[in-house]
Amino acid sequence: MVKIAFNSPFAQKDEPKKEAAEALVADKDPEVATRGNENSSGRCLLTLLGLAFILAGVVVGGACIYKYFMPKHKVYRGEMCYFENENRDRAAEPYFLPIAEEADIREDDNIAIIDVPVPKFSDSDPAAIVHDFDRLLTAYLDLQLGKCYVIPLNTSIVMPPRNLMDLFAKLATGSYLPQTYLVREEMVVTEEIDNVSDLGIFIYQLCVGKETFRLQRRDQITGLQKRSVENCHSIRHFENSFVVETKICQQ
């Protein structure tokens with residue numbers, strides 16, 4: 001049996017009316033379009049926040065990797081032996097004293113940082129020393145007194161970073177132990193430095209929060225004579241093929 005279906009003429013007439021009603025409802029209800037825009041904006045905002053968090057993680061992770069896995073500055077350790085009397089009797093056997101120190105030499109920054117530990121065979125003070133070759137300044141931190149002293153860099157005594165690095169590289173092997181002599185220099189405190197921020201970042205880090213004074217070599221001060229009431233302390237160190245005793249006096 002063949003089944004034949006007839007379309008009702010009323011159904012065909014109802015379809016245009018239905019479409020017109022739906023269009024009318026959409027026009028009269030703007031919330032439908034607004035919700036679509038809000039959902040799209042929300043998704044974009046969440047995506048941007050996610051990208052921001054990912055970027056922050058990359059930056060922080062990169063900084064951590066650089067800090068913990070990149071090579072740090074190499075610290076050299078060196079030792080010398082020296083005798084105190086330059087005019088010693090040639091017939092007598094000289095008595096040599098050992099001196100050891102550590103050096104953090106940063107050729108890119110033009111800086112040498114010297115760590116002088118507590119000496120075993122002399123009455124000199126332990127110290128930290130910064131030689132800034134860009135600013136041509138030297139800063140001594142007397143660790144026993146907790147005071148900083150700043151003076152122009154003496155390039156006739158302190159080797160430049162490359163030469164100093166070569167010296168400590170030889171000393172670090174242990175096979176090179178020079179027997180050398182002692183050079184003495186005497187400094188006088190001239191004034192207190194209130195602001196150490198103008199002395200460069202490395203000297204600032206060494207001296208910030210500590211009493212800091214400016215030094216001048218005694219032989220460069222005209223008419224200045226030694227006084228018995230002076231309070232003097234010595235630091236023995238080496239930044240060359242000889243040992244230097246820096247005597248710092250304050251009235």
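Residues numbered from 1 in each chain as written. Predicted model: local features only at pLDDT ≥ 70, side-chain atom pairs only at ≥ 80, totals over all residues. Heavy atoms only, no water.

S.K.: Where do I start with the packing of aromatic side chains in this structure?
M.R.: Describing an aromatic ring pair means giving the distance of the ring centres and the angle of the ring planes. Under the definition given, this model contains four aromatic pairs. Judged by centre distance (5.5 Å) and plane angle (75°), the rings of Phe83 and Phe96 are edge-to-face. One end of the pair, Phe83, is in strand S1 (residues 75-83); the other, Phe96, is in the loop between S1 and strand S2 (97-106), with 13 residues separating them in the sequence. On the numbers, 5.6 Å between centres and 15° between planes, the contact of Phe168 with Phe238 is stacked. Taken together, the positions of Phe168 in helix H3 (residues 161-172) and Phe238 in the loop between strand S9 (231-237) and strand S10 (243-250) put the pair 70 residues apart, joining distant regions of the chain. (Phe/Tyr/Trp six-rings, centres within 6.5 Å; stacked < 30°, edge-to-face > 60°. Helix = DSSP H or I, 4+ residues; strand = E, 2+ residues; numbered from the N terminus.)

S.K.: Would you mind showing me how to read the side chain of Glu239 here?
M.R.: In this fold, Glu239 is placed in the loop between S9 and S10. Of the polar contacts made by the side chain of Glu239, one reaches the side chain of His131; its length is 3.1 Å. Only 2.8 Å separates the side chain of Glu239 from the side chain of His237, close enough to count as a polar contact. (Polar contact = N/O pair within 3.5 Å; in protein donor to acceptor, adjacent residues only side chain to side chain.)

S.K.: Sorry, what's going on with a nonpolar patch on the surface here?
M.R.: Taken together, Leu45, Leu46, Leu49 and Phe53 make up a surface patch of nonpolar side chains, about 470 Å² in accessible area. Secondary-structure assignment places Leu46 in helix H2 (residues 31-69). (Patch = residues over 30% accessible without salt bridge, like charges linked within 9 Å, V, L, I, M, F, W, Y side chains within 5 Å. Areas by Shrake-Rupley, 256 points an atom, 1.4 Å probe, with all protein chains shown as cover. Salt bridge = Lys/Arg side-chain N within 4 Å of Asp/Glu carboxyl O.)

S.K.: Before we go on, may I ask you to explain H3 in this structure?
M.R.: Helical geometry: 3.6 residues make up each α-helical turn, so side chains three or four residues apart lie on a common side. With 12 residues, H3 extends 16 Å between its outermost C-alpha atoms, agreeing within 8% with the 16 Å of an ideal straight helix rising 1.5 Å per residue. Taken residue by residue, H3 has Pro161, Leu164, Met165, Leu167, Phe168 and Leu171 as its buried positions. For H3, the angular spread of the buried residues around the axis is 160°, confining them to a single face. Residues of H3 that are buried sit in contact with S1, S2 and strand S3 (111-116). Positive backbone phi, approximately 85°, marks Gly174, located one or two places after H3. (Expected span 1.5 Å × (residues − 1). Buried < 20%, exposed > 50% of the residue type's maximum accessible area, 1.4 Å probe, protein only. Arc of directions from axis to C-beta. Contact = heavy atoms within 4.5 Å.)

S.K.: I tried to follow the layout of surface pockets on my own but got confused; where do I start?
M.R.: Empty space among the atoms becomes visible once a probe the size of a water molecule is rolled across them. In this structure, the largest pocket spans a volume of roughly 300 Å³. Along the wall of the largest pocket there are 20 residues; nearest its centre are Ile99, Ala100, Pro117, Val118 and Pro119. (1 Å grid on protein atoms, 1.4 Å probe; cavity = no way out; pocket = protein on both sides within 12 Å on 5 of 7 lines; lining within 4 Å. Points joined across faces, edges and corners; volume = space filled by probe spheres on them.)

S.K.: Help me understand the pattern of salt bridges in this model?
M.R.: Oppositely charged side chains can pair when the atoms bearing their charge come close. The full count for this structure, using the stated rule, is 10 salt bridges. The salt bridge partner of Glu186 is Arg218, with a shortest N-O separation of 2.8 Å. Of this pair, Glu186 sits in strand S7 (residues 179-192) while Arg218 is found in the loop between strand S8 (211-217) and S9, placing the two residues 32 residues apart along the sequence. Exposure class is identical for Glu186 and Arg218. Each is buried.

S.K.: Is there a simple way to explain the state of the cysteines in this structure?
M.R.: Where two cysteines share a covalent bond between their sulfur atoms, that bond is called a disulfide. The full count for this structure, using the stated rule, is two disulfides. What pairs with Cys148 in a disulfide is Cys207, and their sulfur atoms sit 2.1 Å apart. What sets the handedness of the Cys148 and Cys207 disulfide is the S-S torsion sign, and at about -80° it is left-handed. In this pair, Cys148 sits in strand S6 (residues 147-152) while Cys207 sits in helix H4 (residues 201-207), placing the two residues 59 residues apart along the sequence. Take Cys148: its relative accessible area is 0%, and that puts it in the buried class. For Cys207, a relative accessible area of 0% translates into the label buried. The disulfide partner of Cys232 is Cys249, and the gap between their sulfur atoms is 2.1 Å. In this structure, the disulfide formed by Cys232 and Cys249 twists by about 115° around the S-S bond and is classed as right-handed. Of this pair, Cys232 sits in strand S9 while Cys249 sits in strand S10; the two residues are 17 residues apart in sequence, bridging distant segments of the chain. Sequence-ordered numbering of the bonded cysteines in the chain gives a disulfide pattern of 1-2, 3-4. (Disulfide = S-S within 2.5 Å.)

S.K.: How should I be thinking about the nonpolar core in this particular structure?
M.R.: Generally speaking, nonpolar side chains in soluble globular proteins are found buried as a group. Counting residues in each nonpolar core, the largest one holds 36 residues, and the members touching the most others are Phe168 and Leu215. For this core, the element with the highest residue contribution is H3, accounting for five residues. Among the nonpolar cores identified, the runner-up in size contains 15 residues, and Leu141, Cys148, Val150 and Ile203 belong to it. (Core = buried A, V, L, I, M, F, W, Y, C linked by side-chain atoms within 4.5 Å.)

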